[in-house]
Amino acid sequence: MQEFDPRAAAARRFAPKITVAIAAIVALGVGAKLTSASPAPKAPPLAVQNLGPAQPAFIQQTIPVEVQRGETMQEAVERTGIPADEARHVVDLMAQAFDIAHIRAGLAFQAAVQAPRDRRDDVKLVSLTLPASAAKTITISRTFDGALQLHQQEEQVREQETVASGEIRGSLYEAAVNAGATPQLTHQVVQLFAHKLDFTRDIQPGDKFSLVFDRKVTESGKVVETGDLIYAELDADGKTTRFYRFDRKDGPADYFDETGKNIKGFLLKTPVDGARITSLFGMRKHPILGYTRAHQGIDFGAGTGTPILAAGDGVVAEAGRKGGYGNWLRIRHNGGWDTGYGHISRYAKGIHRGSRVKQGQVVAYVGATGLATGPHLHYEVWKNGARVNPLSAKVPQGTVLGGRELAAFKAQKARIDAMLENGSGTQFAAAPASPKA
Ligand SMILES: [Zn+2]
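A brief look at the structure comes next. Keep in mind the model is a prediction, meaning the values are calculated, not measured. (Residues numbered from 1 in each chain as written. Predicted model: local features only at pLDDT ≥ 70, side-chain atom pairs only at ≥ 80, totals over all residues. Heavy atoms only, no water.)

Scanning the protein chain for helices and strands turns up nine helices and 24 strands. Counting all 437 residues of the protein chain, 39% fall into the buried class. With an accessible surface of roughly 24000 Å², the protein chain has 52% of that area assigned to carbon and sulfur atoms. (Helix = DSSP H or I, 4+ residues; strand = E, 2+ residues; numbered from the N terminus. Buried < 20%, exposed > 50% of the residue type's maximum accessible area, 1.4 Å probe, protein only. Areas by Shrake-Rupley, 256 points an atom, 1.4 Å probe, with all protein chains shown as cover.)

Among all positions in helix H7 (residues 183-193), only Leu185, Thr186, Val189, Val190, Leu192 and Phe193 are buried. Mapping the buried residues of H7 onto a view down its axis gives an arc of 165°, with all of them on the same face. (Arc of directions from axis to C-beta.)

Okay, the sheet that holds strand S19 (residues 346-347) next. In space, the three strands of this open sheet follow the order S15-S21-S19, with antiparallel pairing throughout. Two strands in the sheet have a free side with no partner beyond their single neighbour: strand S15 (307-309) and S19. In this structure, S19 lies alongside strand S21 (residues 362-365), joined through two bridges in antiparallel fashion. Opposite Tyr347, over in S21, you have Ala364 as the bridge partner. (Pairing = 2+ DSSP bridges.)

The next thing to look at is the pattern of salt bridges. Using the criterion set out here, one finds 16 salt bridges in the structure. Across the pair Glu318 and Lys322 runs a salt bridge, and its minimum N-O distance is 3.4 Å. Among the residues examined, Glu318 registers a relative accessible area of 22% and is labelled partly exposed. Note that Lys413 is salt-bridged to Asp417, the shortest N-O span being 2.9 Å. Here Lys413 pairs with Asp417, and both are found in helix H9 (residues 403-422), just four residues apart, close to one helical turn. The network of salt bridges with common partners includes Glu318, Lys322, Arg330, Arg332 and Asp338. (Salt bridge = Lys/Arg side-chain N within 4 Å of Asp/Glu carboxyl O.)

Attention shifts here to the sheet that holds strand S5 (residues 148-154). Strand order in this open sheet of five strands is S1-S2-S3-S4-S5, and the pairing throughout is antiparallel. Edge strands, defined here as strands with exactly one partner in the open sheet, are strand S1 (58-66) and S5. Taken pair by pair, the neighbouring strands of this sheet meet at an average axis angle of 15°, ignoring direction. Pairing of strand S3 (residues 124-131) with strand S4 (residues 136-142) involves five bridges; the strand directions are antiparallel. Following the sheet pairing, Leu128 is matched in S4 by Ile140. (Axes fitted to C-alpha atoms, helices over the stretch in contact; angles between N-to-C directions.)

A surface patch of negative charge is lined by Asp85, Asp118, Asp121 and Asp122. When you line up the elements, Asp121 lands in the loop between strand S2 (108-116) and S3. (Patch = residues over 30% accessible without salt bridge, like charges linked within 9 Å, V, L, I, M, F, W, Y side chains within 5 Å. Lys, Arg positive; Asp, Glu negative; His and termini not counted. Charge placed at Lys NZ, Arg CZ, Asp CG, Glu CD.)

It is worth spelling out the coordination of the zinc ion at this point. Looking at the metal site, the zinc ion is ligated by His295 (NE2), Asp299 (OD) and His378 (ND1), spaced 1.9 to 2.2 Å from it. Mapped onto the sequence, the residues coordinating the zinc ion show the spacing H-x3-D-x78-H. As far as the burial class goes, His295 and Asp299 line up, both buried. (Donors = N, O, S within 2.8 Å, 3.2 Å for Na, K, Ca; no water.)

Moving on, we come to the environment of Tyr231. Relative to the assigned elements, Tyr231 resides in strand S8 (residues 223-236). Here the side chain of Tyr231 touches Arg242 through a polar contact of 3.1 Å, side chain to side chain. (Polar contact = N/O pair within 3.5 Å; in protein donor to acceptor, adjacent residues only side chain to side chain.)

Turning our attention to unusual backbone geometry. Leaving glycine aside, a negative phi is the common case for residues, and trans is the common case for peptide bonds. Despite not being glycine, His343 shows a phi value in the positive range, around 65°. Here His343 lies in strand S18 (residues 337-344). Positioned with a positive phi, Asn384 is a non-glycine residue whose angle comes to about 50°. Look at Asn384 and you get exposed, because its relative accessible area is 61%.

The next subject is the packing of aromatic side chains. A full pass over the atoms with the stated rule returns eleven aromatic pairs. Summarising the aromatic geometry, the rings of Phe243 and Tyr255 are spaced 5.9 Å apart at their centres and angled 80° between planes, so their arrangement reads as edge-to-face. Of this pair, Phe243 sits in strand S9 (residues 239-246) while Tyr255 is found in strand S10 (residues 254-256), placing the two residues twelve residues apart along the sequence. Given a relative accessible area of 0%, Phe243 falls into the buried group. Using a relative accessible area of 5% as the deciding quantity, one classes Tyr255 as buried. Here a set of aromatic residues connected by ring pairs shows up, and it is made of Tyr231, Tyr244, Phe246, Phe256 and Phe409. Looking at Arg346, its charged tip hangs above the ring of Tyr365, at a distance of 4.1 Å from the centre. (Phe/Tyr/Trp six-rings, centres within 6.5 Å; stacked < 30°, edge-to-face > 60°. Lys NZ or Arg CZ within 6 Å of the ring centre and 35° of its normal.)

Written as structure tokens, this is what we have:
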């Protein structure tokens, strides 16, 4: 049994407080008078003397570090100025909470270090904070006994279905990003609507849209990950276009309209992202040749380098120079259909005669090769070897769900419709974008 000694207990109680006070003064770098800082009458005089003159012995600095390409964690930590053996110790601690072998360039952390004013001693780490992921922060800090200690703080992550809706001011792309969708998700939305709508004519400022997508969110509201697009709706041109995601038993998830028809028609309506039609199919005065002749396709105005998408699944039949077309690409699809792309600046990697392409795949980039006054895509659709008007051609429909799949799709659709009606899920409204000057 130990005897209770009130004086010893008091000393134990005070000692940490005094250390804290001293540490705080050193950390703040103020030439402090210790008498005012410590209320404790029983302060051990030795600790005070250790501080030396009023001038603080250390300079504390906060150093932001960003991991460089090809750099190891050890090298990055050493850039805080601490010696190699201490850096190794820090990295060993980090390794308990974080995969240090697969760090990426750009990973950023912050270190607080203490440098002795007289430079006779090593720089010492006070603390280091690193966001290991959106949900996890790791901290290495020096305890009062001088040892380095690892802390991990991890937030709970939960799945959340998010509704983002708004009004189109600039492009659909801008509006969706303003409403909280990621650029990748927005790109997907744009590509899906491109099957049904001609962005040139069908979308106008003031048109409304809603998106539903999955997100993973931390307790504090940080978005860890944006997942799949579940639903998209666009009210434009007096009609509502909507589609729902559905996971098919055999094959990947796809998007279907309210009747269970695949949103992807046989051919894309707009085989280039964010382009406008600048010239229609039919007779016109040729801008370079000067005389009137039939324009055998439609032109989409877009900057050089804008990706051109394969209008449908198929095989590349031609890829090379072809007179006034400049760099030309022709894709052969099923059922006697072909699509052609002219004035290309360059082909996408792996595109040559005989390569298989998927609908929506980037196959080439817009340019102005051949007889072109400026960069644009000249787009042609062929049926059984004859050119047809891409805007009015009767291209086949995509797949239609049936039987059990259709029943499962309808159940999924009912759930999403109910969610939209009750306004459940987390709502995001687009911040009104300022009209373009
Ligand atoms: Zn043309």
